[in-house]
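Given next are the chains, with one letter for each unit.
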Amino acid sequence: MLESMKYLMGAAGPSGYGSKTTAEEVTEACPDLTSITAIITGGTSGIGAETARVLAMRGARVVLPSRNLKAAEDTKARISAEFPTADIILMFLDLSSLASVKAFVADFHSRNLPLNLLINNAGKFSYEHALSEDGIEMTFATNYLGHFLLTKLLLTKMIETAEATGLEGRIVSVTSSVYSWVPADGISYLAHATTKKSLYDPTRAYCLSKLAIVLHTKELAERLRRMKANVTINCVHPGVVRTRLTREREGFLTDLIFFVASKLVKTIPEAAATTCYVATHPRVSGVSGKYFCDCNEGRVRSKAAAESNVDEAARLWSASEALTLHTPLRTGFDHDTFPAYYYS
């Protein structure tokens, strides 16, 4: 009850910010980002677009990958109209396609740009069962696996940039508090529940993809620590906000739900604040492997993602590497190595 009251009132936490803080406000602590190059997935609408706008306002070079280049051009035009000196680069990327992820990274490397900041923001909620071209369930492919490969392939560039500039590289992955809805035996449980199209549950699929992001954050943070790399990774819950994530279910019922929940729903500038805080604020320097919400470090609320659950995080990493190296994967994989849910 106390936490709910703090949220509704926008009470500041230890960071000095709270649920009502905006992205512009948290970046006032670092008003000059002209030395920063940032990649922001899902940056053409909603939280991603506001994140891109605020970072561009502060002087960062912003790379906007998108599978809809017209939408990316419109976003660039809006930001440039407000900030004429904004440095925005548009590139094609379809996160549901592993080939597209690889092509994007090759294109990015060919431009000889530094990379200080990677914001894995893009998200999808697939109401109907669908498979990517690699045979991966679409929500998982877009929300998690594409970002896993993107991060892996860009990591060397981030480490090199940090070494060359002395500036800490930061990876920020957008998750959701619904990851905590996955039971303690999470991945194994959902494997059996959603293998068949007839049993597909879109909410379970979405929750699992968000749990995977939390586990990936923990595992990569530990690997970066062992490497002694000047790069951190954290995940963030932006809060409840109406974005184009609900675009497949626009209508009276969606409008009614958001009206009833209006006191809990953040504005997009408020929802983008935690991402911008973790991406830029000096207070987060050296912090890695953590979960943030309302611009403050939050407590992990799931046994499936608990600090002690290192085996699950390592297992997911190994399985993700297998998926990105050997696709399509609808047959030939041991369920003990990787649950059928991911590729059926």
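Residues numbered from 1 in each chain as written. Predicted model: local features only at pLDDT ≥ 70, side-chain atom pairs only at ≥ 80, totals over all residues. Heavy atoms only, no water.

**Quick word on the state of the cysteines**
- Scanning the model with the defined rule gives zero disulfides in all.
- Cys295 forms no disulfide, and the closest cysteine sulfur to it belongs to Cys276, at a distance of 8.8 Å.
- Cys295 gets classed as buried once you look at its relative accessible area, which sits at 1%. (Disulfide = S-S within 2.5 Å. Buried < 20%, exposed > 50% of the residue type's maximum accessible area, 1.4 Å probe, protein only.)

**Overview of the pairing of strand S5 (residues 169-174)**
- Judged by how many residues are buried, S5 sits mostly within the fold: six of six residues are covered.
- Here S5 shows two buried faces, one formed by Gly169, Ile171 and Ser173 and the other by Arg170, Val172 and Val174.
- Where strand S4 (residues 117-120) lies against S5, four bridges are found, and the strand directions are parallel. Looking at the pairing, Asn120 lines up with Ser173 of S5.
- Regarding the hand of the β-α-β motif, the stretch spanning S4, helix H6 (residues 138-165) and S5 is right-handed. (Helix = DSSP H or I, 4+ residues; strand = E, 2+ residues; numbered from the N terminus. Pairing = 2+ DSSP bridges. Right-handed = clockwise from strand over helix to strand, strands pointing away.)

**Side note on the confidence of the model for the protein chain**
- Residues of the protein chain with pLDDT of at least 70 account for 77%, and the chain-wide mean is 84.
- Under a pLDDT of 50 for its full length, residues 189-195 has, in the predicted model, 19 contacts with residues more than four places off or in other chains.
- Ignoring residues within four places in sequence, the model shows residues 256-263, a span with pLDDT below 50, making five contacts including any to other chains. (pLDDT = per-residue confidence, 0-100. Contact = heavy atoms within 4.5 Å.)

**Describing the pairing of strand S2 (residues 61-66)**
- For S2, a buried count of five out of six residues is recorded, marking the element as mostly surrounded by other parts of the structure.
- Relative to S2, strand S1 (residues 37-40) is paired through three bridges, and the arrangement is parallel. The residue of S2 that forms the bridge with Ile39 is Val63.
- Where the polypeptide runs from S1 across helix H3 (residues 46-57) and back to S2, its parallel neighbour, the crossover connection is right-handed.
- Inspection of the sheet shows S2 paired to strand S3 (residues 87-92) by six bridges, in the parallel sense. Bridging across to S3, Arg61 finds its partner in Asp87.
- Crossover S2 to S3 through helix H4 (residues 69-82) is right-handed.

**Points about the packing of helix H5 (residues 98-110) against H6**
- Orientation of H5 relative to H6, taken along the N-to-C sense of each, is 25 degrees, at an axis distance of 9 Å. As the angle between them shows, H5 and H6 are arranged roughly parallel. The chirality of how H5 crosses H6 is right-handed. In this structure, H5 contributes Leu98, Val101, Lys102, Phe104, Val105, Phe108 and His109 to the contact, and H6 contributes Leu145, Gly146, Leu149, Leu150, Leu153, Leu154 and Lys157.
- Broken down by class, the residue content of the contact of H5 with H6 amounts to 10 nonpolar, two polar and two charged. (Axes fitted to C-alpha atoms, helices over the stretch in contact; angles between N-to-C directions. Parallel < 35°, antiparallel > 145°, perpendicular 65-115°, else oblique. Left-handed = near helix turned anticlockwise from the far one by under 90°. Nonpolar A, V, L, I, M, F, W, Y, C, P; charged D, E, K, R; others polar.)

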